[in-house]
Amino acid sequence: MTTQALCEERMVFLVRNALLVAHQEMGGGDQWPVVKDTIYKIMKDWEDLKTERNIDAELKIHLYAQIQKMEEGLDECSPETRELIEPKIKEWREICDAYFCDVDRNAVMYNEASVPMHIKRMNAMLSTMEEEDAVDA
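Residues numbered from 1 in each chain as written. Predicted model: local features only at pLDDT ≥ 70, side-chain atom pairs only at ≥ 80, totals over all residues. Heavy atoms only, no water.

Student: Could you give me a rundown of the overall build of the protein chain, with the residues and numbers involved?
Tutor: When helices and strands are tallied, the protein chain shows four helices and zero strands. Put simply, of all contacts in the protein chain between residues at least 6 apart along the chain, 69% involve residues at least 24 apart. Summed over all atoms, the accessible surface of the protein chain reaches about 10500 Å², with 58% contributed by carbon and sulfur. (Helix = DSSP H or I, 4+ residues; strand = E, 2+ residues; numbered from the N terminus. Contact = heavy atoms within 4.5 Å. Areas by Shrake-Rupley, 256 points an atom, 1.4 Å probe, with all protein chains shown as cover.)

Student: Break down the pattern of salt bridges for me, with residues and values.
Tutor: Tallied over the entire structure, the rule returns ten salt bridges. Residue R53 is joined to E8 by a salt bridge in which the shortest nitrogen-to-oxygen separation is 2.5 Å. Remark: E8 occurs in helix α1 (residues 3-25) and R53 occurs in helix α2 (residues 32-73); sequence separation between them is 45 residues. The closest approach of N and O atoms between R82 and D75, which form a salt bridge, is 3.4 Å. (Salt bridge = Lys/Arg side-chain N within 4 Å of Asp/Glu carboxyl O.)

Student: Outline the nonpolar core, listing residues and values.
Tutor: Among the nonpolar cores identified, the biggest contains ten residues, and these are V12, L19, V35, I39, I42, M43, W46, M122, M125 and L126. The leading source of residues in this core is α2, at five residues. With residues up to four places along the chain from it excluded, the contact list for M122 reads V15, L19, T38 and I42. Within the second largest apolar cluster, six residues are counted, among which are Y64, I67, I89 and C96. (Core = buried A, V, L, I, M, F, W, Y, C linked by side-chain atoms within 4.5 Å. Buried < 20%, exposed > 50% of the residue type's maximum accessible area, 1.4 Å probe, protein only.)

Student: I'd like a rundown of the packing of aromatic side chains, residues and numbers included.
Tutor: Note on aromatic pairs: each is described by the distance of the centres and the angle between the planes. Counted according to the given criterion, the structure contains two aromatic pairs. Seen from their ring centres, Y64 and F100 are 6.1 Å apart, and the 50 degrees between their planes marks the pair as tilted. In this pair, Y64 is assigned in helix α2 and F100 in helix α3 (residues 79-100), connecting sequence segments 36 residues apart. A relative accessible area of 19% places Y64 in the buried class. Residues Y99 and F100 carry aromatic rings whose centres are separated by 4.8 Å and whose planes lie at 85 degrees to one another, so their mutual orientation is edge-to-face. Among the residues examined, F100 registers a relative accessible area of 14% and is labelled buried. One aromatic cluster in this structure is built from Y64, Y99 and F100. (Phe/Tyr/Trp six-rings, centres within 6.5 Å; stacked < 30°, edge-to-face > 60°.)

Student: Could you give an account of the layout of surface pockets, with specific residues and numbers?
Tutor: Quantified by volume, the second largest pocket comes out at close to 580 Å³. Every residue lining the second largest pocket is counted, 16 residues in all, and those nearest its centre are D45, W46, L49, P116 and I119. Elements that contribute at least two residues to the lining of the second largest pocket include exactly α1, α2 and α4 (117-136). Ranked by residue count, the leading element in the lining of the second largest pocket is α2, at five residues. Of the residues assigned to the lining of the second largest pocket, the class counts are eleven nonpolar, two polar and three charged. (1 Å grid on protein atoms, 1.4 Å probe; cavity = no way out; pocket = protein on both sides within 12 Å on 5 of 7 lines; lining within 4 Å. Points joined across faces, edges and corners; volume = space filled by probe spheres on them. Nonpolar A, V, L, I, M, F, W, Y, C, P; charged D, E, K, R; others polar.)

Student: Account for the confidence of the model for the protein chain, naming residues and giving values.
Tutor: The predicted coordinates should not be examined in detail at positions where pLDDT is low. Across the protein chain, pLDDT averages 85, with 88% of residues at or above 70. Within the protein chain, the lowest mean pLDDT, 73, falls on α4, and the highest, 95, falls on α3. (pLDDT = per-residue confidence, 0-100.)

Student: Could you give an account of the environment of C96, with specific residues and numbers?
Tutor: For C96, the location among the structural elements is in helix α3. Spatially, the C-alpha atoms of C96 and L63 are 7.7 Å apart, while their sequence positions differ by 33 residues. Ignoring any residue separated from it by four or fewer positions in sequence, one finds C96 in contact with L63, Y64 and I67.

Now the structure itself:
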């Protein structure tokens with residue numbers, strides 16, 4: 001696991017634990033189904049993200065290997081065939097490079113309207129705890 005993945009995983013578990021503490025602070029009553037559902041969905045999102053990342057990593061290996069084989073096979077092609085195929089292989093490599101490049105997180109826009117409901121619930125529960133802590137301090 002990379003340092004970033006470990007950091008992300010620690011944050012996910014920190015949020016999960018904070019939601020459990022929030023439930024206890026709220027008196028452990030009727031809100032448990034909501035807290036439990038929110039925790040479940042956050043953990044499910046995390047597992048889905050890890051799976052997607054693993055698939056992408058495996059896909060990257062195989063796609064680049066296949067492109068490499070096609071580039072090596074160009075030497076065996078006739079000039080006419082090579083002229084037709086070479087631009088396509090170049091385009092495929094550019095598409096793969098674009099897909100697998102690192103994303104500049106500062107360039108990504110955050111759309112509040114597209115945030116899943118369980119994330120909104122989590123933010124509301126945690127902000128409630130922060131407000132109570134501020135009052136208690």
